[in-house]
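In case you want the letters, here they are:
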There are 2 protein chains.
Amino acid sequence: MEDNPVKTRIRNKENSKQQFLDAVGKILKTQGYSALKINNIATTAGLDKKLIYNYFGGLEGLLDEYIKTQDFWSNVKSEIEPNEITDGGKEFITNTVLEQFDYVFRNKEFQKVLLWRLSEPRNSLKKLTDEQEANGEFILQNIMDTYFAENSEDSRAAMALIVSGAYYLNLYAEINGNTFCGIDIKSETGRNQIKKAIAMLIEQVYTFLK
Amino acid sequence: MEDNPVKTRIRNKENSKQQFLDAVGKILKTQGYSALKINNIATTAGLDKKLIYNYFGGLEGLLDEYIKTQDFWSNVKSEIEPNEITDGGKEFITNTVLEQFDYVFRNKEFQKVLLWRLSEPRNSLKKLTDEQEANGEFILQNIMDTYFAENSEDSRAAMALIVSGAYYLNLYAEINGNTFCGIDIKSETGRNQIKKAIAMLIEQVYTFLK
DNA sequence: ACACAAAGTCACCAATCAGTGACAAATAAA
DNA sequence: TTTATTTGTCACTGATTGGTGACTTTGTGT
């Protein structure tokens, strides 16, 4: 057994800061962004709320710091070499969207961040969004635009719809929704149907808009 | 000018109930569902919060009652006669989805209800969802399924993605987001691109899955 | 005019919230 | 060991929240 009758805690600023950041993630995942109150966070972190003011300048600073540390689109900015693409990126993009579809499904924290972004105006969320766009723009310009040429705008709009749909269906299925168009989004078979449709729609975009 | 030095209000229960329901809609539209506090609603309605308890049994009852009165899918359950359909419903469905895309864009209250539904588990929201599904099922069964036959599941999955995308893009554009895949969803030109893509994708579904 | 019920207001309570100053405990420097 | 700084706790304030009992005002029926 441990040797401290009176529980003593190692004091470390960076460590404590991380505990607050972790608490934010945990609360977000389990209770949603509306539960991100300063008392709740302090209790979850097991530290005093005063430290949030000392270390982050308040709740806003802590939340912004948390958002800054997040990176949910790492799979999108995978080190791809445009030269190696021979099919206009069809396979790469299909795989990326399918991966993202499953990733959103698995990662509840990401779901809540997406929801948070749809719900509350906030500079750091806006910045997160801009960074995501910047990542996507790389793929769009270097891979899709060169392939679709004068149809690139149409292809972008189609991709926007498909990717958005993949996001929405996962958020929808999580709360208050089981089926969409009669498809059970949380079931294995339902998800496979959606995935098949994603691949099919992208395929159609590539053939029709060429 | 009015004749009352001391402002006297006509006392009417049904009238007051409606004022509360209107207040809920107004707050939802302007501040989002998280601002639906009992004090806020009472102030907005210009009545005492006690009446919310008297008339609706509390905040929950009022919110449930509000949700019950909403019907955002009236254009979907338009009186359509399956017999009159000759193209498998392609034109009808395309128009319906395009209408819905613009309707969500215009109707901020509907946007907030959609967001609410994605955010908070609630029986009345679940019921609203089920009713929407039931409406959609009519179209799916009587129009699409007969046309797509053995491909009906694939067609449903594709429609789910397209409709979901139309919802998500509007929610996305409203808060923290300007562009998605480089398309400005709130601009006239951007929306036309999305609409073109919606029509194109549905067209492709109809030709490819037949 | 009167009584009575319905409609509505108000003052109050308890719980929860953000924020802060005073203090205690641990660590590092001397 | 002593001193000083950092790290952390605690108790308190003031504002906001949901909820309720006692009250006043209005309308209605006799």
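Residues numbered from 1 in each chain as written. Chains lettered and ligands numbered in written order. Predicted model: local features only at pLDDT ≥ 70, side-chain atom pairs only at ≥ 80, totals over all residues.

**Q** Sorry if this is basic, but what is going on with the relation of the copies chain B and chain A here?
**A** Once chain B is rotated about the relating axis by 180 degrees and shifted along it by 0.0 Å, it coincides with chain A to within an RMSD of 0.0 Å. Here the copies are linked by what is in effect a two-fold axis. Among all residues of chain B, the minimum C-alpha distance to the rotation axis is found for Gly165 of chain B, at 1.9 Å. Mapped onto chain A, 98% of the interface residues of chain B again fall at the interface, so both copies present the same surface. (Least-squares fit on C-alpha atoms with pLDDT ≥ 70 in both. Contact = placed C-beta atoms within 7 Å.)

**Q** Just checking my understanding: could you explain the nonpolar core for this structure?
**A** Nonpolar side chains in soluble globular proteins tend to end up buried together. In terms of nonpolar packing, the biggest core is built from 116 residues, with Val24 and Ile162 of chain A together with Val24 and Ile162 of chain B touching the most fellow members. Once residues within four sequence positions are removed from consideration, Val24 of chain A is found in contact with Leu36, Ile41, Leu62, Leu63 and Tyr66 of chain A. (Core = buried A, V, L, I, M, F, W, Y, C linked by C-beta atoms within 7 Å. Buried ≥ 20, exposed ≤ 12 C-beta atoms within 10 Å, placed from the backbone.)

**Q** How do you make sense of the domain arrangement of chain A when you look at a structure like this?
**A** Many analyses report the size of an interface as the accessible area lost when the parts associate. All names here are of chain A. Segmentation of chain A into domains returns domain 1 (13-69) and domain 2 (82-208). The straight-line distance from the C-alpha centre of domain 1 to that of domain 2 is 30 Å. Mapped onto the side of domain 1 that touches domain 2, the elements with two or more residues apiece are helix H1 (13-31) and helix H4 (59-69). Looking at side-chain class alone, the side of domain 1 that touches domain 2 contains three nonpolar, two polar and three charged residues. (Domains from an automatic or database assignment. Helix = DSSP H or I, 4+ residues; strand = E, 2+ residues; numbered from the N terminus. Nonpolar A, V, L, I, M, F, W, Y, C, P; charged D, E, K, R; others polar.)

**Q** It is not clear to me how the protein's contact with DNA strand D should be interpreted in this structure. Could you clarify?
**A** Of all residues adjacent to DNA strand D, which total 20 residues, the nearest are Arg11, Lys13, Ser16 and Asp48 of chain A together with Lys37 of chain B. Listed by contribution, the elements that provide at least two residues to the surface near DNA strand D are H1 and helix H3 (50-56) of chain A together with helix H2 (38-45) and helix H3 (50-56) of chain B. A per-element tally of the surface near DNA strand D places H2 of chain B first, with three residues. Considered class by class, the residues forming the surface near DNA strand D number six nonpolar, six polar and eight charged. (Near = placed C-beta within 6 Å.)

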